[in-house]
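Single-letter residue listing:
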Protein chains: 2
Amino acid sequence: MTTAPRTLSLGAFVQGAGGHIAGWRHPEAYAAGQLDFAFHAELARVLERGRFDALFIADVAALWGHQMDALSRSGRAEHFEPLTLLSALSTVTEHIGLVATATTTYNEPFHVARKFASLDHLSHGRAGWNIVTSVVPLEAANFGRSEHLEHELRYRRADEFVEVVRALWDSFADGSLLRDKASGSYYDPAGLRPPHHQGEHFTVRGPLNISRPPQGHPVLFQAGSSQTGMAFGARHGEVLFTLQADLAGAQAFYAGVKKQVAAAGRNPDHVLIWPILFPLVGGTEEEARRKVAELDELVHDDVARRLVQDNIGDLDLTEYPLDGPVPDIPDSNRSKSRRDLLLGLARQENLTIRQLALRISGGATVAGTPEQIADHLELWFTERGADGFNVSFPYLPGPAVDFVDQVVPLLRKRGLVHETYEGSTFRENLGLPRPASQEVAA
Amino acid sequence: MTTAPRTLSLGAFVQGAGGHIAGWRHPEAYAAGQLDFAFHAELARVLERGRFDALFIADVAALWGHQMDALSRSGRAEHFEPLTLLSALSTVTEHIGLVATATTTYNEPFHVARKFASLDHLSHGRAGWNIVTSVVPLEAANFGRSEHLEHELRYRRADEFVEVVRALWDSFADGSLLRDKASGSYYDPAGLRPPHHQGEHFTVRGPLNISRPPQGHPVLFQAGSSQTGMAFGARHGEVLFTLQADLAGAQAFYAGVKKQVAAAGRNPDHVLIWPILFPLVGGTEEEARRKVAELDELVHDDVARRLVQDNIGDLDLTEYPLDGPVPDIPDSNRSKSRRDLLLGLARQENLTIRQLALRISGGATVAGTPEQIADHLELWFTERGADGFNVSFPYLPGPAVDFVDQVVPLLRKRGLVHETYEGSTFRENLGLPRPASQEVAA
Ligand SMILES: Cc1cc2nc3c(=O)[nH]c(=O)nc-3n(C[C@H](O)[C@H](O)[C@H](O)COP(=O)(O)O)c2cc1C
Ligand SMILES: Cc1cc2nc3c(=O)[nH]c(=O)nc-3n(C[C@H](O)[C@H](O)[C@H](O)COP(=O)(O)O)c2cc1C
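Residues numbered from 1 in each chain as written. Chains lettered and ligands numbered in written order. Predicted model: local features only at pLDDT ≥ 70, side-chain atom pairs only at ≥ 80, totals over all residues. Heavy atoms only, no water.

A. Representation of the side chain of R212 of chain B within the structure. Residues and elements named next belong to chain B. Mapped onto the fold, R212 is located in the loop between β8 (203–204) and β9 (219–222). Separated by 3.0 Å, the side chain of R212 and the backbone oxygen of P435 make a polar contact. Here the side chain of R212 touches A436 through a polar contact of 3.1 Å, landing on its backbone oxygen. The residues contacting R212, other than those within four sequence positions of it, are H121, W169, D170, F172, D174, H217, R434, P435, A436 and S437. (Helix = DSSP H or I, 4+ residues; strand = E, 2+ residues; numbered from the N terminus. Polar contact = N/O pair within 3.5 Å; in protein donor to acceptor, adjacent residues only side chain to side chain. Contact = heavy atoms within 4.5 Å.)

Below, the structure written as structure tokens:
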């Protein structure tokens, strides 16, 4: 086990016009930014100035939610497709990791392996893949299914999917591209190993038609919350996202996952835990809280209702009063862990539908002065609730600029984060090892 | 019917390290360019200097060919995935159309619609889609099939695929993205029309999660050669690639297709025919011919044999002498038109296997002085064998630079090509109309 000093890693969680569902309505938000490449380029440069390790694009292959009228108010109706956006961003950035979400439930391993390998080559070793199995119901309907595969089956498919993708990335051994003009040998045939995979869900001959990614494999991200999802993360993930309400919960998750990682025969130091962080920086704590309240004001009633409904189950809430209690919700094929978490929260704190909505609107959960926010990060990091954070800004670009200019300098002063990018790849910057290549047959 | 004066359009056909199978071995070729983004960026800038309308990336979802030893010598073993590469190129170019190949046989309409829409937004209206149904046998094996769908069925699936993709692009009516902060209305629900498609091959609810592409629809490219393929092109294509050995053949194709287009109820002026052109510029005709001979010398015996085999059928040629006649080849599920063309050519001219290989190696077919090459383009254009050309350079970047600096100025002087990019989108530069948006329901 390594003994290198830990350093705190940072990723920016970019979801549409901002993490807060009504963030786009904020007077300072750039509402049209979602489809403006110049805006994303500027944001990426701000994040590099703050030495963020990663820019992560959340994604679903559908509109984000499915009640069209409410959705029309949510600002999540349009966004660039992540792999195309990040490919474009690779040309205007130098160091930051570029993490795209792609689902294993509605894709083919060959396409996914190839696109991420291509992004890794374009970016000289900065690609990451957030592996998801799809939770938004509308995605199924865009791919000929009435609902998602059952939860366990989704993860079985994901297991095999990842196995095939890794084998495809390894199609060419490191160093087997010779490009020797004199002999006419472009690559060494001994270094080519097509997977010839035949499994329960996939039959893929290979090889991939692109040489091994600079990082060996792009960095694998994952965010399982259920038992099955966490076990999958422990087997495959290198950076694990998680949503945690308090430090105790984060510590339990952290300890539990690291143990599972070790049990799966992997080095726990090579799996980073990144709870999601919703910061909002103010000059004073009071100002920060006022900003949060302002954002909450912007959440339309229809949006509040749908936010709860889309996150916890299949019950139509239209007839329920927004300021009344959250009703019982029947079981469904949706993410159980999230539903249980939210329903538990609502019961425990006796929340109304609106109050629960505001808890999941993506509003700031850590609002305060730069010092207070830095303290929060330091505490969670040193107390082993986090190795890093997946930072979501309520709207863009202002709060991201504030975080970079006001919070990051404090983290630097405290020696928690690296001052500069030391590695030449995303993986190196995160302190993760490069997967070994197959040996070239003699 | 329009009466605007015709102008000649130009696309660059970029396939790996160059169009000639052994081009990468040329002393001046940049053999490592395929996975070097800076190289592609520089090439794109050269093409924009020459006011090329399009940069087209050919593609198959597999290694290009399948006998690994021969392939190891062909320089077609690795290349960027087209949509990721073109997204990156969109940031370093301003005017040129960016055309990616994607197969309808091994993709889902939702993913394809979305990625091209995303590229169209990233590039401010410069995306094009080369619709293919897959011909390389190895592709099937990467997607769980032992061979491709039967030829007619592939095109039936392609028909439905394109229909769904168009409907997805039209999910949002033009102008329905309001982003009105005051009312909280991000889009007008009346402008949203999910396709709710249910057909033989696909069930896709929609809507697409990105607003209507700047061009309405990205420009549709196609290259059918069979009766079925040409009929498909006449229904859907806006720029049609074709491989033609001589002017008479090109004229027959041109006239036939335009007639089919009209019969399909479309305006023939809105469908451009682009034969492929393999030019090689020399100071004198003799020098140009010497360059061709030099390239042919670089084709390794194994590559020559596989080139013939991979293009005409399933017969193993290993035991046949390279300098002997081309044997009879049994029927297969491969592109029949191409096999018949090549076998016909071999019989007619009594070609050996090696000679046939050199005809399809991608070597220059129009080698000469800049004037001679300009004459060729002018003749095919004015005699209605072509509306434009899909120009393949044997290796890169030299021959592309020569073409831009020596041939294009002559085309300008003769008034055949536009001096500058007049339109603000790819479609406008090609003189193609923007597909109408659905009306917003009142
Ligand atoms: C920070 C974070 C980001 C996530 N991003 C996505 C995403 O972009 N797309 C997606 O479909 N799911 C996303 N998810 C959902 C997870 O992939 C996963 O489905 C969810 O945590 C439920 O866990 P389970 O699959 O173990 O039930 C995200 C979850 C978290 C906590
Ligand atoms: C100039 C040109 C470019 C082509 N590019 C591709 C390509 O990138 N990928 C592909 O799978 N097929 C490509 N094709 C093959 C065609 O899509 C088509 O399959 C072929 O012309 C056979 O016609 P058919 O489908 O009507 O039998 C190309 C053909 C031509 C003439």
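B. Up close: the side chain of D387 of chain A. Residues and elements named next belong to chain A. Structurally, D387 is set in the loop between α13 (370–382) and β14 (388–391). A distance of 2.8 Å separates polar atoms of two side chains, one belonging to D387 and the other to K258. Sequence-distant contacts of D387, that is, excluding residues within four places in its chain, are made with R6, T7, L8, S9, Y254, K258, V271, L272, I273, W274 and F381.

C. Quick peek at the site of ligand 1. Residue and element names in this part refer to chain A. Around ligand 1 lies a shell of 20 residues, among which D59, Y155, A223, S225 and S226 are the nearest. One of the backbone nitrogen or oxygen atoms of A223 is found 2.6 Å away from an oxygen atom of ligand 1. Computed on the free molecule, ligand 1 has an accessible area of 610 Å², of which 89% lies beneath the protein chains in the complex. Of all the secondary-structure elements, those providing two or more residues to the shell around ligand 1 are β4 (127–132) and α6 (151–169). Taken together, the residues that form the shell around ligand 1 break down as nine nonpolar, ten polar and one charged. (Near = heavy atom within 4 Å. Areas by Shrake-Rupley, 256 points an atom, 1.4 Å probe, with all protein chains shown as cover. Nonpolar A, V, L, I, M, F, W, Y, C, P; charged D, E, K, R; others polar.)

D. Region of interest: the environment of G368 of chain A. All names here are of chain A. Position of G368 among the secondary structure elements: in strand β13 (residues 366–368). Assessed through its relative accessible area of 0%, G368 is described here as buried. Separated by 17 residues in the primary sequence, G368 and G385 have C-alpha atoms spaced 20 Å apart. Contact partners of G368, with chain neighbours within four places excluded, come to L280, V281, G282, E285, A288 and I373. (Buried < 20%, exposed > 50% of the residue type's maximum accessible area, 1.4 Å probe, protein only.)

E. Just helix α14 (residues 398–413) of chain B, in detail. Residue and element names in this part refer to chain B. Helix length check: α14, at 16 residues, gives a terminal C-alpha distance of 23 Å against a target of 22 Å (1.5 Å per residue), a fit within 8%. Of all the bends in α14, the greatest reaches close to 35 degrees and is centred on V407; the proline P409 follows between one and four positions later. Inspection of α14 places P399, A400, F403, V404, V407, V408, L410 and L411 among the buried residues, and these make up the whole buried set. Those residues of α14 that are buried lie in contact with β1 (9–14), α1 (37–49), β11 (272–277), β12 (279–281), α13 (370–382) and β14 (388–391). Phi turns positive, to about 70 degrees, at G415, one or two residues after α14. (Expected span 1.5 Å × (residues − 1). Bend = angle between axes of the 7 residues up to and from the residue.)

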